[in-house]
Amino acid sequence: MLLDTYGRVATDLRVSLTDRCNLRCTYCMPEEGLQWLGKSDLLTDDEIVRLIRIAVTRLGITEVRFTGGEPLLRPGLVGIVEQCAALEPRPKMSLTTNGIGLARTARALKGAGLDRVNVSLDTLRPDVFKTLTRRDRHRDVLDGMAAARDAGLTPVKVNAVLMPGLNDDEAPDLLAWALDHDYELRFIEQMPLDAQHGWKRDGMITAGDILESLRTRFTLTEEGAQERGSAPAERWLVDGGPATVGVIASVTRPFCSACDRTRLTADGQVRTCLFATEESDLRGALRSGGTDEEIAGLWKAAMWGKKAGSGLDDPSFLQPDRPMSAIGG
Ligand code: SF4
């Protein structure tokens, strides 16, 4: 198993399938985009499936989350999901997406074995969406969510980031809308993982701000730590439940002591943490005839060195070179 020196065991694998994206969210990357990974740097579909197979059959991984960049841009996505669904034991599989193109692919992904989706949507206002993402695709995202729900990729979880002066007044509206559509809403604190390195702690909307805003319209009752387990989101029952709302507060209420995540980048690097500044290469071993056992050994060694937490509160905190768009949620 993927154990670290703090006794945590990673059972949740996040796989970035590409660093490319078809949106340009202001809190993530510049308008012109980034220098994308070259084709030969990217893992092939077969290499990705092999690494996931090693993780599931040799390293105790029980959950796989496909991320990006935007994973729907990966041409072989459905085939990768299909092959992973055939693994024994079968991992639970989910996808984190911006929803663009989901209306077209939801049924095929469900048919291939995907269980559910997380879709990013920060606003109900198309004009604000255009300002935030620099693309006029709000309708596509809403259609994508509805298609995912109708295809049975449920629960459809919605990830929303609030930005000062743009959509920070929308928390209660977003929750009311999510309740009406049977979506599970989670707010995510903005993290210092943007490519521009422009993040400022005093410039972000905190979990406290979000809860205060929601309480202007809803009664929130905190769910217990037991219900939470290792999930990143803290959850509150809304108006007595059963509906809930979540907040992922990596900055102001970190949850690293129960972290069960390990990450694989699109170019075959293991990241022990979202904020890791070091990575361990598996692609080299894959492409030089390494055995499954050797690759599993490299992965274990990498996770053994996982740090206690994000280090965000540490004055010596250094933002990782690799941006969120090349790590994935
Ligand atoms: S910051 Fe790192 S250690 Fe903490 S919960 Fe996130 S991935 Fe895990």
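Here we look at the overall build of the protein
Next, step 1: In terms of helices and strands, the protein carries 10 helices and 14 strands.
Next, step 2: By its C-alpha atoms, the protein is 60 × 45 × 40 Å across when sized along the principal axes.
Next, step 3: Counting only residues that meet the buried cut, the protein has 53% of its 329 residues in that class.
Next, step 4: Here the contacts in the protein between residues at least 6 apart in sequence split such that 73% fall between residues at least 24 apart.
Next, step 5: Surface accessibility of the protein: about 14000 Å² in total, with carbon and sulfur atoms responsible for 50%.
Next, step 6: Here the protein holds 41 positive side-chain charges and 48 negative ones, and the gap between their average locations is 3 Å.

Re the pattern of salt bridges
Next, step 1: Evaluation of the coordinates by the stated rule reveals 22 salt bridges.
Next, step 2: Where glutamate 279 meets arginine 271, a salt bridge forms, and the shortest distance between an N and an O atom there is 2.6 Å.
Next, step 3: For glutamate 279, a relative accessible area of 30% gives the class partly exposed.
Next, step 4: A salt bridge links arginine 322 to glutamate 279; the shortest N-O distance between them is 2.6 Å.

Details of the sheet that holds strand S13 (residues 269-271)
Next, step 1: One open sheet accounts for 12 strands, arranged S9-S10-S11-S8-S7-S6-S5-S4-S3-S12-S13-S14; its pairing is mixed. A strand with exactly one partner marks an edge of an open sheet, and here the two such strands are strand S9 (220-222) and strand S14 (280-281).
Next, step 2: Here four bridges tie strand S8 (residues 184-188) to strand S11 (residues 244-248), and the two strands are oriented parallel to one another. Looking at the pairing, phenylalanine 187 lines up with valine 247 of S11.
Next, step 3: Of the strands in this sheet, strand S3 (12-16), strand S4 (63-67) and strand S12 (261-264) touch helix H1 (residues 45-58), which is tilted by about 170° from S3.
Next, step 4: Packing against the sheet, helix H7 (residues 207-214) makes contact with S8, S9, strand S10 (234-238) and S11, and its axis sits at approximately 160° to S11.

Re the environment of proline 232
Next, step 1: Looking at the secondary structure, you find proline 232 in the loop between helix H8 (225-228) and S10.
Next, step 2: When the C-alpha atoms of proline 232 and isoleucine 188 are compared, they prove to be 9.7 Å apart, with 44 residues separating the residues in sequence.

Brief notes about the nonpolar core
Next, step 1: Within the largest apolar cluster, 101 residues are counted, with the highest numbers of intra-cluster contacts made by Ile52, Phe66, Phe187 and Trp299.
Next, step 2: Among the elements that take part in this core, H1 stands out by supplying seven residues, more than any other.
Next, step 3: Sequence-distant contacts of phenylalanine 66, that is, excluding residues within four places in its chain, are made with Val15, Leu17, Ile52, Pro71, Ile80, Val81, Cys84, Met93, Ser94, Leu95, Thr96 and Leu114.

Notes on the layout of surface pockets
Next, step 1: The computed volume of the second largest pocket comes to approximately 390 Å³.
Next, step 2: Class assignment for the residues of the lining of the second largest pocket results in eight nonpolar, eight polar and five charged.

A closer look at the pairing of S12
Next, step 1: Because side chains alternate across S12, one face comprises the buried residues Arg261 and Arg263, and the other comprises Thr262 and Leu264, equally buried.
Next, step 2: Of the pairings in the sheet, the one linking S3 to S12 comprises four bridges and is parallel in character. Following the sheet pairing, aspartate 12 is matched in S12 by arginine 261.
Next, step 3: One ladder, built from two bridges, connects S12 with S13; its direction is antiparallel. What sits directly across from arginine 263, in S13, is arginine 271.

Topic: the pairing of S3
Next, step 1: In terms of burial, S3 is a largely internal element, five of the five residues being buried.
Next, step 2: By the alternation rule, side chains of S3 split into Asp12, Arg14 and Ser16 and Leu13 and Val15, which are all buried.
Next, step 3: In this sheet, S4 lies alongside S3 in parallel orientation, the contact comprising five bridges. Paired with leucine 13 across the bridge in S4 is valine 64.

A look at helix H6 (residues 171-180)
Next, step 1: Looking at H6, one finds that the buried residues are Ala171, Pro172, Leu174, Leu175, Trp177 and Ala178.
Next, step 2: Taken together, the buried residues of H6 touch helix H5 (138-151), strand S7 (157-160), S8, H7, S10 and S11.
Next, step 3: Downstream of H6 by one or two residues, aspartate 182 has phi in the positive range, about 60°.

Observations concerning the side chain of asparagine 159
Next, step 1: Residue position: asparagine 159 is located in strand S7.
Next, step 2: According to the relative accessible area criterion, asparagine 159 is buried, its value standing at 9%.
Next, step 3: Among the polar contacts listed, one links the side chain of asparagine 159 to the side chain of arginine 186, at a separation of 3.0 Å.
Next, step 4: Leaving out residues up to four positions away in the same chain, asparagine 159 has contacts with Thr96, Asn118, Val119, Ser120, Leu121, Asp122, Arg186 and Ile188.

A closer look at unusual backbone geometry
Next, step 1: Here glycine 68 and glycine 69 are connected by a cis peptide whose omega angle stands at -5°.
Next, step 2: With an omega dihedral of 0°, the bond running from glycine 241 to proline 242 counts as a cis peptide bond.
Next, step 3: Assignment of secondary structure puts proline 242 in the loop between S10 and S11.
Next, step 4: The phi angle at aspartate 182 is positive, at roughly 60°, despite the residue not being glycine.

About the cut-offs
Just so you know, the residues in each chain are numbered from 1, in the order the chain's sequence is written. Since the coordinates come from a predicted model, pLDDT governs what is reported: local features require at least 70, and pairs of side-chain atoms require 80 or more to be given and counted, while whole-chain, interface and lining totals use all residues. Side-chain descriptors were evaluated using all non-hydrogen atoms of the structure, hydrogens and water having been removed beforehand. Numbering goes from the N terminus for both helices and strands, where a helix is a DSSP run of H or I of at least four residues and a strand is a run of E of at least two. Three labels apply to residues, based on accessible area from a 1.4 Å probe with only protein chains included: buried if under 20% of the type maximum, exposed if over 50%, partly exposed otherwise in between. Any pair of residues with heavy atoms lying within 4.5 Å of one another is described as a contacting pair. Per-residue and other accessible areas follow the Shrake-Rupley method at a 1.4 Å probe size, with only the shown protein chains counted as cover for residues. Asp and Glu count as negative and Lys and Arg as positive, but His and the ends of the chain are not part of the count. To locate a charge, take atom NZ for lysine, CZ for arginine, CG for aspartate or CD for glutamate. We define a salt bridge as a contact between a side-chain nitrogen of Lys or Arg and a carboxyl oxygen of Asp or Glu at a distance within 4 Å. At least two bridges found by DSSP between two strands is the condition for calling them paired. Between N-to-C directions, angles cover 0 to 180 degrees, with each direction set by a line fitted to C-alpha atoms, over the stretch in contact for helices. Remark: nonpolar core denotes a set of buried residues (Ala, Val, Leu, Ile, Met, Phe, Trp, Tyr, Cys) joined through side-chain atoms within 4.5 Å. The rule is simple: put a 1 Å grid over the protein atoms alone, call a set of points where a 1.4 Å probe fits but cannot get out a cavity, call an open set with protein on both sides within 12 Å along at least five of seven lines a pocket, and count a residue as lining if it has an atom within 4 Å of a point. Grid points are joined across faces, edges and corners, and a volume is the space filled by probe spheres set on the points. All amino acids are sorted into three groups, where Ala, Val, Leu, Ile, Met, Phe, Trp, Tyr, Cys and Pro are nonpolar, Asp, Glu, Lys and Arg are charged, and the leftover types, Gly among them, are polar. Polar contact is the term for a pair of N or O atoms within 3.5 Å; when the atoms are in protein, one must be able to donate a hydrogen and the other to accept it, and sequence-neighboring residues count only if both atoms are side-chain atoms.

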